[in-house]
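Below are the chains, spelled out letter by letter.
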Amino acid sequence: MIIAKNSVVTLAFAIRDEQGTLLEESDPTISYLHGGYDGIFPLVEEALEGQKEGYSCSLTLSPEEAFGEYDPSLKRTEPRSLFPPQVKVGMQFEGGEDGQESHLFVVTEVTEESVSVDGNHPLVGKTLLFECTVEGVRRATEEEMHHGHVHGEHGHTH
Ligand SMILES: [Zn+2]
């Protein structure tokens, strides 16, 4: 099967920095819905379009093509009272304003009065090397197409 719009693509991938250090690895694979559903980096979709199982590629992604540039507006200090009493550095919270994409915020500092959080992705501002191998391709179900994401193993559960 050839990768096209509404294919479910199963990938094994590794992400490295410019020095070749391994930053992130699929464990063992991920599946995403192909065709502009925002399931994976657009440049990766472009490279995989028309390919099939067994295809491997290695792509260099600029910060813009990967996790974006550092966004100072995602670094915030909030009153401590908004957080649970056991809040500590390194804890993660899901947050976001109405109508905006929600972000994962990591606690970076806790004082008696306030809590500082940073919603930037840890790999923000980095040029990344994305290496992947296609481990499987299947056609998405009607329900997956309708939802815009993959169901089942490694996929979304409701
Ligand atoms: Zn769904």
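Residues numbered from 1 in each chain as written. Predicted model: local features only at pLDDT ≥ 70, side-chain atom pairs only at ≥ 80, totals over all residues. Heavy atoms only, no water.

## Some remarks on the domain arrangement of the chain
- Here the chain is described as being made up of domain 1 (7–67 + 123–147) and domain 2 (72–118).
- On a C-alpha basis, the centroid separation for the pair domain 1 and domain 2 is 29 Å. (Domains from an automatic or database assignment.)

## Notes on the pattern of salt bridges
- In the structure shown here, the tally under the stated rule is two salt bridges.
- Residue arginine 16 pairs with glutamate 131 through a salt bridge whose shortest N-O separation is 3.1 Å. Remark: glutamate 131 occurs in strand E9 (residues 128–139) and arginine 16 occurs in strand E1 (residues 7–16); sequence separation between them is 115 residues.
- Here glutamate 144 ties to arginine 138 by a salt bridge, and the two come within 3.0 Å at their closest N and O atoms.
- Taking the relative accessible area as the measure of exposure, glutamate 144 reaches 2% and is therefore buried.
- Relative accessible area serves as the criterion here: at 34%, arginine 138 is assigned to the partly exposed category. (Salt bridge = Lys/Arg side-chain N within 4 Å of Asp/Glu carboxyl O. Helix = DSSP H or I, 4+ residues; strand = E, 2+ residues; numbered from the N terminus. Buried < 20%, exposed > 50% of the residue type's maximum accessible area, 1.4 Å probe, protein only.)

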